[in-house]
Amino acid sequence: TSAIKGEAGRDGERINLAKAKDYTVSSGSNEKFPNKGHLLTDGEFKDTHYKFVKTGWMAVTGAGAEVVVDLGEVKENISDFEASSCKNTEYNVDLCEAVFVSISEDGENWKNIGIYQFSGTEKDKAKHLICVNIQGVVSARYVKFTFEGIKNEVMLLDKVSVYTYGPKTSEQMSGINTYYGA
């Protein structure tokens with residue numbers, strides 16, 4: 001049976017369920033770009049991708065490196081999953097071949113729900129947003145991002161995010177009402 005149910009409604013407020021949540025990393029470490037605190041879930045995206053500022057990035061290394069986010073409890077109506085990375089071959093930092101997204105309610109039994117595959121033609125000295133947006137919605141407490149085929153032995157991450165959508169905000173409703181003359 002599929003874990004994906006219903007239909008994803010993406011017209012309300014986008015809510016990052018992973019913000020300030022704990023996560024684990026199962027990969028080799030890199031002393032230049034260590035995992036510090038809630039770096040991947042702090043909600044602050046790095047602007048300086050080509051200048052290569054060493055703060056704000058975390059390295060994942062090795063085959064099948066994983067980042068598992070604990071949402072604290074089972075959350076409903078999840079539809080979008082994102083990871084932010086960069087490519088800068090001048091510093092031997094590259095992307096991976098694919099990112100798999102899996103979900104679990106107990107941290108032991110996992111269901112694969114999506115994959116993002118890089119084309120191999122991604123721009124150098126640039127930041128890349130990895131998006132897995134499913135057609136329906138899922139429920140999960142744990143979300144696992146698996147980075148397969150890491151090139152040049154290191155991949156830098158800035159953020160991982162898990163999204164649901166809430167009701168439309170008053171600002172969104174105002175725009176709709178204005179459009180329809182209400």
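Source: prediction; values computed, not measured.

J.: Whenever I open this one, the overall build of the protein chain confuses me. Can you help?
T.: Looking only at helices and strands, the protein chain has one helix and seven strands in total. Ordered by position from the N terminus, the helices and strands of the protein chain form the series β-β-β-β-β-β-β-α. Across the protein chain, contacts joining residues at least 24 apart in sequence account for 80% of those joining residues at least 6 apart. As presented, the protein chain carries roughly 9,800 Å² of accessible surface, and 45% of it is formed by carbon and sulfur atoms.

J.: Just checking my understanding: could you explain the confidence of the model for the protein chain for this structure?
T.: Keep in mind that low pLDDT regions are not for reading the predicted coordinates in detail. When pLDDT is averaged across the protein chain, the result is 85; 85% of the residues are at 70 or more. Element-level mean pLDDT values for the protein chain span from 50 in helix H1 (residues 170-179) up to 97 in strand S4 (residues 98-104). Below pLDDT 50 for its whole length, residues 172-182 participates in seven contacts with residues either more than four positions away or in separate chains.

J.: Can you help me understand the layout of surface pockets in this one?
T.: Over the atoms, a rolled probe matching the size of one water molecule traces out where space is still vacant. Space inside the largest pocket adds up to approximately 230 Å³. When residues of the lining of the largest pocket are traced back to their parent elements, those giving at least two are strand S3 (58-87), S4 and strand S6 (126-148). With three residues, S6 is the single largest residue contributor to the lining of the largest pocket. Residues that form the lining of the largest pocket fall into these classes: four nonpolar, six polar and four charged.

J.: Explanation requested: the environment of glycine 136 in the structure shown.
T.: With respect to the secondary-structure elements, glycine 136 resides in strand S6. A C-alpha to C-alpha distance of 5.3 Å links glycine 136 and lysine 5, two positions 131 residues apart in sequence. Discounting residues that sit within four places of it in the chain, glycine 136 has contacts with Ile4, Lys5, Gly6, Glu7, Ala8, Ile78 and Ser79.

J.: I keep staring at a negative patch on the surface and nothing clicks. Help me out?
T.: Where like charges cluster on the molecular surface, the negative patch consists of Glu76, Glu105, Asp106 and Glu108. Tracing the backbone shows glutamate 76 in strand S3.

What counts, and at which threshold
Residues numbered from 1 in each chain as written. Predicted model: local features only at pLDDT ≥ 70, side-chain atom pairs only at ≥ 80, totals over all residues. Heavy atoms only, no water. Helix = DSSP H or I, 4+ residues; strand = E, 2+ residues; numbered from the N terminus. Contact = heavy atoms within 4.5 Å. Areas by Shrake-Rupley, 256 points an atom, 1.4 Å probe, with all protein chains shown as cover. pLDDT = per-residue confidence, 0-100. 1 Å grid on protein atoms, 1.4 Å probe; cavity = no way out; pocket = protein on both sides within 12 Å on 5 of 7 lines; lining within 4 Å. Points joined across faces, edges and corners; volume = space filled by probe spheres on them. Nonpolar A, V, L, I, M, F, W, Y, C, P; charged D, E, K, R; others polar. Patch = residues over 30% accessible without salt bridge, like charges linked within 9 Å, V, L, I, M, F, W, Y side chains within 5 Å. Salt bridge = Lys/Arg side-chain N within 4 Å of Asp/Glu carboxyl O. Lys, Arg positive; Asp, Glu negative; His and termini not counted. Charge placed at Lys NZ, Arg CZ, Asp CG, Glu CD.

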